[in-house]
Every structure is written in C-alpha cells, then in structure tokens.
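# Breakdown of the fold
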Amino acid sequence: MSVKISRWRDGYVLARLEERESGCGSAERFLNLCRARGIDLWDIRPSETGLEVCMAAGGVRACREPLRKAGVRLRILKKRGLPFALRRGRKKKGFLAGLAACGLILWGLSLFIWDIEIEGERMYSQDTLIRYLDSRDVRCGVPKSRLDADSLEEWLRSDFPEITWVSAQISGTRLLIKIKENEGLLSVPELEKEPRNIVAEKDGIVTDIVVRSGRAQVKAGEEVKAGQVLISGVLPVTDDSGQVVKVNLTAADGEVKARTVQTYGEDFEYLRREEPLTGKVRRGIFLRVGGFAARLQMPGREGTLWKTALEERQLQLTGNFFLPVWWGTICSREYVPYERPWTEEEEEAAKEEVIRKFTENLVEKGVQIEENNARIVENDSGFRVEGRAVLLEPIGVGRPIPEEEIPALEENDRAE
C-alpha cells in the first residue's frame, strides 16, 4: 500500500512500447536496458501493437537512451498521480478553492469531539453516564482543548464509588472512556458507634437470632411486632443484690431473621389494548448535520397510526475521525389499535408475570421465599392479581435508644 501511495504522490504514466517502422526494434531489450539502469517498470502486459508498461514520471526522460538502443518508441497513453492532477486543476480554480475550503472545514471539525464511547459499564447504564458527562459540559461538539482527561477520570471515580478504574482518551474526534466496576464489596462498613437498639422493621415470628453486641430481648419462636426491640443497646450492671448500679450504652449489633407474611397485587383493566400491524410500510431517509435535520418520507393517510423505527449511522472518515453528520433509514409500519376483553389464558399469563416480578425483586435482596400463592379476583373495572408470600428475611434495623428505656441514674454513673 505504501508503494502505491508513493507512486501516486510522485506521478506515473501508462505507456505503450511500439516498434519503429524499420521493424528491427526489440521491446525485450528495452526492458533489460531499463532494469540495468534501475528504471522502475511495473504492470507490464501485452497489447495488440506491443507492450504496455507503467513507469514513474521521472523515468520517461531517463529511458531515452534505452529506447534508441532497443529501436522502439514510447507512446504515453495516460498520466496519473498528484502532479498531473494539480497541473490539470490549474484551469479549475473553483475546484481547487472548494478543495481547499473542504480541507479547512475538516481541520476545523477535527478540533472538536463528535463521538463519545463508553466501554466496561455494567452497573451504570450508558444513558446514566452520558447524562452525567453532559452535566459536566462533556458532550458532542465540545472543543478538545477544553477537555482534561485527568480531571474527567477523577470526577468519575469520585462521583461513582462503584467505579474503581477509569481511562479517558481523546483519539481523533472521539472521546473513549473505559471503566471497571467493583462487583464485590467496595469497602469494609464502619462499625456503628452511637448507642442504639435493633428493632423489628415488620411483624413476624423469629426463627434465628445472632447477637454480636448488646442484649437479646427475644428468642427463636417468639412473635414480634414492628418497632419491638430485638437487641437492646442498654446494658445494666447490677450488684449482688440485683440493684442496678450502672448502665452501659452500646451500639447493638446482630442479625435477627423472622418468618414474615407479605401481600402484593396489581390491577388490570377489563379491556386489553391490541395494536396489530396492517402490513403497510412507509420507508424513507433522513440526514442530520449538527442541529439541522432533514427527512424524506411519503406522508401517511390522514387518521392512520404508524410505528416508526430509525436506523442511524454517523459519518466516519477513519477509525477515530467522526464528523457531526448522521444519516439513516426510516421504517414506519401502520397499525390499527382496538380493545378487547382478556381471555382466561391471558389472565393466567398476567398472574404468572406478576408473581415473577415479585419473586425476582425479593431474590435480588437475598430474601428466602417459603411459600408464594396468588389468585385472580374479578371486579367491576377488570381484575386484580392478589398474592400472599411467606418469607424468611432479616427484620432488624438500628434505632437510637429512647430516653425512657435508660434507667434513671446519675449521669456520672453512666458509661458508654
């Protein structure tokens, strides 16, 4: 590829070797003489009247002596390459001016960012990160001189704790951001220092209790109510007679699991909306340059409804040289909406979908499901899916110790 480029840059000619009228010429001898003198010839092929060869523009003058000795003459058929193109362009000043203007525009566009690509995201979506970058004035069309890759990396690591590694690189007119997220534990949680109790977040029957600090107030098998103290942070110290002589306050810590009951449900209207396609399609094209857009598509009949999908592409000169030009195709499909009652099979499918979404939400939280039942209840407006699940889950949450739970002692006798 580099040899072709250099030949085009220096210019070359396509020529035909013809014998002189005397008929004693030899094209083969000419080739041998050129090779001996280092004159480069390529694409040698026979023709009806002789041989056709390609040679550098500078080799035409150097091959005069080989032509004379070989008894052949050289007829130039075509001139190719940059020098000849520029020579022909001297008469086309408008073309040269347009070419110079195009080069100037491309140079100006190369000073801006026209494409932002993010790789490695899993926890955060592309839209979330793009909106964040936009809030930091990092968007398509921003001058590259205003971007500081080091600052951008620092912003992302600071504002998104789950991102542990960031690399921001400007290449051509593209900003490429590569990130790595920590899927494990980000940091060791700090131990609670303020005095507190562990109380029940909801009603349930305790199945297991583990106390790391504090004093257990319930045991396995007991039924508890929401707000009831499970692990107390009040540790009274008594003397031999059983009288409280001092109170230690601590940050209660532990895990209390309980069997709980949770209900859920979702309402559905009596009529279900359907949007079947009629098979009619309208296709078109669109072009967007910066903030200006043009669309070419035949209009649909008045009163018809269409579902439209766009397939967009961005103009790309090289791997990393993007321009603010987008084009693509438009495909619109006609549909006729109507409403109809649900069938029994569809109601059952809706119930299974409600159960699935409820189950997935609990599994993500690490909650164990012991029993899960749902039913369909018809009503005047449609039907409702009602479910009841028996769960095994942690129910303890930290709460400050109320003053009334602390025995009345002198302040000097209390110690944390």
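Residues numbered from 1 in each chain as written. Predicted model: local features only at pLDDT ≥ 70, side-chain atom pairs only at ≥ 80, totals over all residues. Heavy atoms only, no water.

For the chain, the name recorded in an unreviewed UniProt entry is Sporulation protein YqfD, with Candidatus Lachnoclostridium stercoripullorum as its organism.

On to the overall build of the chain, then. Looking only at helices and strands, the chain has nine helices and 25 strands in total. Scaling as 2.2 N^0.38, a compact globule of 416 residues should have a C-alpha radius of gyration of about 22 Å, whereas the chain reaches 41 Å, well beyond that. Along the longest, intermediate and shortest principal axes, the C-alpha atoms of the chain span 140 × 65 × 40 Å. With 416 residues in all, the chain has 31% of them scored as buried. (Helix = DSSP H or I, 4+ residues; strand = E, 2+ residues; numbered from the N terminus. Rg over C-alpha atoms; globule rule 2.2 N^0.38 Å. Buried < 20%, exposed > 50% of the residue type's maximum accessible area, 1.4 Å probe, protein only.)

Inspection of every chain in the model, using the stated rule, returns eight aromatic pairs. Taking 4.7 Å as the distance between ring centres and 75° as the angle between the ring planes, the aromatic pair formed by Tyr124 and Phe160 counts as edge-to-face. Placement of the pair is Tyr124 in the loop between β5 (115-119) and α7 (126-135) and Phe160 in the loop between α8 (149-159) and β6 (163-171), with a sequence separation of 36 residues. For the pair Tyr124 and Phe160, one class covers both residues: buried. (Phe/Tyr/Trp six-rings, centres within 6.5 Å; stacked < 30°, edge-to-face > 60°.)

This part is about the sheet that holds strand β18 (residues 292-297). Here we have four strands laid out as an open sheet, ordered β18-β17-β20-β19, and antiparallel in their pairing. Since the sheet does not close on itself, it has two edges, and those belong to β18 and β19 (305-316), each with one partner. Strand after strand, the sheet turns through a mean of 20° between neighbouring axes, direction not considered. (Pairing = 2+ DSSP bridges. Axes fitted to C-alpha atoms, helices over the stretch in contact; angles between N-to-C directions.)

What follows concerns the confidence of the model for the chain. The pLDDT averaged across the chain works out to 86; a share of 93% of its residues lies at or above 70. Per-residue pLDDT stays below 50 along residues 409-416; that stretch engages in 17 contacts with residues further than four places along the chain or on separate chains. (pLDDT = per-residue confidence, 0-100. Contact = heavy atoms within 4.5 Å.)

Inspection of every chain in the model, using the stated rule, returns one cavity of 30 Å³ or more. Lining the largest cavity are Ile118, Leu129, Leu133, Leu156, Ile163, Ile177 and Ile179. Listing elements by their share of the lining of the largest cavity, those giving two or more residues are α7 and β7 (174-181). A per-class count over the lining of the largest cavity returns seven nonpolar, no polar and no charged. (1 Å grid on protein atoms, 1.4 Å probe; cavity = no way out; pocket = protein on both sides within 12 Å on 5 of 7 lines; lining within 4 Å. Points joined across faces, edges and corners; volume = space filled by probe spheres on them. Nonpolar A, V, L, I, M, F, W, Y, C, P; charged D, E, K, R; others polar.)

Pairing geometry for strand β17 (residues 277-289) and strand β20 (residues 322-335), over ten bridges, is antiparallel. Residue Arg282 lies in a different strand from β20, and its bridge partner there is Ser332. Relative to β18, β17 runs antiparallel, the two sharing six bridges. In the strand pairing of β18, Ile285 is matched with Leu296. Counting the residues in the hairpin turn of β17 and β18 gives two residues, including Gly290, whose phi is positive at 65°.

Inspection of every chain in the model, using the stated rule, returns 36 salt bridges. The residue Arg340 makes a salt bridge to Glu274 at a minimum N-O spacing of 2.7 Å. Residue Arg340 is located in strand β21 (residues 338-341), and its partner Glu274 is located in strand β16 (residues 271-274); the two are separated by 66 residues in the primary sequence. When the shortest N-O distance is used, the salt bridge between Glu346 and Arg340 registers 2.5 Å. By relative accessible area, which is 17% here, Glu346 ends up buried. (Salt bridge = Lys/Arg side-chain N within 4 Å of Asp/Glu carboxyl O.)

With respect to the helices and strands, Lys351 occurs in helix α9 (residues 344-364). Owing to a relative accessible area of 13%, Lys351 belongs among the buried residues under this scheme. Setting aside its immediate chain neighbours within four residues, Lys351 contacts Ala374, Arg375, Ile376 and Val385.

The next thing to look at is a nonpolar patch on the surface. Judged by side-chain polarity, Leu86, Phe95, Leu96 and Leu99 come together as a nonpolar surface patch covering roughly 390 Å² of accessible area. It is helix α6 (residues 93-109) that contributes the most residues to the nonpolar patch, three residues altogether. The residue Leu96 is located in helix α6 in this model. (Patch = residues over 30% accessible without salt bridge, like charges linked within 9 Å, V, L, I, M, F, W, Y side chains within 5 Å. Areas by Shrake-Rupley, 256 points an atom, 1.4 Å probe, with all protein chains shown as cover.)

All right, on to the nonpolar core then. Membership of the largest hydrophobic core comes to 19 residues, with the highest contact counts inside it found for Leu133, Val138, Leu152, Phe160, Leu175 and Ile177. Ignoring anything within four residues of it in the chain, the contact list for Leu175 reads Ile113, Asp115, Ile116, Glu117, Val138, Leu147, Leu152, Gln169 and Ile170. Counting 16 residues, the second largest nonpolar core, distinct from the first, contains Ala27, Phe30, Leu31 and Ile39. (Core = buried A, V, L, I, M, F, W, Y, C linked by side-chain atoms within 4.5 Å.)

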